[in-house]
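Structural features, examined
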Amino acid sequence: AGGRRRGAVRTCLRELQERFERGGSVPLGLGTVLRELLRRGKLQRESDFMASVDSSWISWGVGVFILKPLKWTLSSVLGDSKIPEEEEVLIYVELLQEKAEEVYRLYQSSALSSHPVVALSELRSLCAGLCPDERTFYLLLLQLQKEKRVTILEQNGEKIVKFARGLHAKVSPMNDVDIGVYQLMQSEQLLSQKVESLSQEAEKCKEDARSACKAGKKQLALRCLKSKRRTERRIEELHSKLDAVQGILDRIYASQTDQMVFNAYQAGVGALKLSMKDVTVERAENLVDQIQELCDTQDEVAQTLAGVGINGLEMDTEELEKELDSLLQDSGKDSVDHSSPISDAELEAELEKLSVSAGDVIPKGWS
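Residues numbered from 1 in each chain as written. Predicted model: local features only at pLDDT ≥ 70, side-chain atom pairs only at ≥ 80, totals over all residues. Heavy atoms only, no water.

Spatial ordering of the open sheet is given by β4-β6-β5, a layout of three strands whose pairing is antiparallel. Of all strands in the sheet, those bounded by a partner on one side alone are β4 (117-119) and β5 (150-155). Strand after strand, the sheet turns through a mean of 30 degrees between neighbouring axes, direction not considered. Its contacts with the sheet place helix α8 (residues 134-146) against β5 and β6 (158-163), and it is angled at close to 115 degrees to β5. Together, β4, β5 and β6 form the strand contacts of helix α9 (residues 176-214), whose direction differs from that of β4 by roughly 50 degrees. (Pairing = 2+ DSSP bridges. Helix = DSSP H or I, 4+ residues; strand = E, 2+ residues; numbered from the N terminus. Axes fitted to C-alpha atoms, helices over the stretch in contact; angles between N-to-C directions. Contact = heavy atoms within 4.5 Å.)

In structure tokens form, the structure reads like this:
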């Protein structure tokens, strides 16, 4: 009852002795009571519970559970006939089942429930209010695993969780499509982050161009604008991939059955990989690697162009001139510009010099 009041799933003889202590004396027979509760299945040794379910996905190294396999064999041999040791961790069986049910319902009512798979870390964040400590969180997942409502897989150091679809369903084993969907989710994250950082880069180029304008450094201003244009082209290319990935994920999240997930995944990923075959090397094994490679290739090309002093692709002189003009007008609103005005003729000449054809250095697909 004490455990239920406090909501704690775990306890031990010593903790109970301290709680029941009256005037310096502990009630006799507490150990015998615990032994009886173990016999009736109201309590269970944590070590026995862990041994009863596949807990191989838990990183033993993190020190969340420190268990000696010897103890498992001993308690299994002796059964529950012996009084538990003072420090031995015991579990309130019914409370564990109730809390595991709460985790399941919390997941089902969250936005994550449309995802066929979820990262363990995301699930941990979702359940933070329900089970503040990691050890209890793992025990609740193991209970759901025991009830065949959850399956957990470690993939490249990442733990992926798959829930049963629907309240009374049993979870189907993790398959290649589940892993593929997880990779799509990672790809979406990777592309979003890259687009975000490039957007900041483009914004910085614009600010640099404006500053150069104010300082009367026309050439530098134009170079900055060309860098901005190049960055925007990279953003466009990545954005088209991001839209494709999000489109596939939306169809997957709207799928009601494993078969629908499979169909949406197969159709979407086939088309996506086809659209990327020109820009990625064949050795990229999975989608995340391919997308990472696409970003790396883009970075390399950008560095090459900057390194050889070619500040851009063939760009429309008139467009650049207009953009620089509007930047000057913007900066004029912010503060009085004391630098000498740039005449159209000067700009034209400046741009002519800068717009050297860079066709030989620029790889296909970048013009």
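Turning to the confidence of the model for the chain, a few remarks are in order. Overall, the predicted model of the chain reaches an average pLDDT of 75, with 69% of residues at or above 70. Ignoring residues within four places in sequence, the model shows residues 347-367, a span with pLDDT below 50, making 39 contacts including any to other chains. (pLDDT = per-residue confidence, 0-100.)

With that out of the way, let us pick up the pairing of β6. Across the six residues that make up β6, a large majority, five, are buried. Here β4 runs beside β6; their pairing, made up of three bridges, is antiparallel. Residue Ala119 lies in a different strand from β6, and its bridge partner there is Ile160. (Buried < 20%, exposed > 50% of the residue type's maximum accessible area, 1.4 Å probe, protein only.)

The topology assignment puts Tyr107 in helix α6 (residues 93-108). Residues Tyr107 and Cys127, spaced 20 residues apart in sequence, show a C-alpha to C-alpha distance of 8.4 Å. If we ignore the near neighbours within four places in the chain, the residues touching Tyr107 are Leu112, Ser113, His115, Val118, Leu123, Leu126 and Phe163.

Inspection of the entire model under this criterion finds 15 salt bridges. Between Arg39 and Glu36 there is a salt bridge, with the nearest N and O atoms lying 2.7 Å from each other. Of this pair, Arg39 and Glu36 are both found in helix α3 (residues 30-40), three residues apart, which corresponds to roughly one turn of the helix. Judged by its relative accessible area of 28%, Glu36 is partly exposed. When the shortest N-O distance is used, the salt bridge between Lys162 and Asp178 registers 2.8 Å. Note that Lys162 is positioned in strand β6 and Asp178 in helix α9, a separation of 16 residues in sequence. (Salt bridge = Lys/Arg side-chain N within 4 Å of Asp/Glu carboxyl O.)

If you walk through the whole model with that rule in mind, you get four aromatic pairs. Arranged with centres 5.8 Å apart and planes meeting at 40 degrees, the rings of Tyr104 and Phe163 form a pair that is tilted. You can see Tyr104 sitting in helix α6 and its partner Phe163 sitting in strand β6, a full 59 residues away along the chain. Residues Phe137 and Tyr138 carry aromatic rings whose centres are separated by 6.0 Å and whose planes lie at 35 degrees to one another, so their mutual orientation is tilted. In textbook terms, an aromatic cluster arises when at least three aromatic residues are bridged by ring pairs, as seen for Trp57, Phe137 and Tyr138. (Phe/Tyr/Trp six-rings, centres within 6.5 Å; stacked < 30°, edge-to-face > 60°.)

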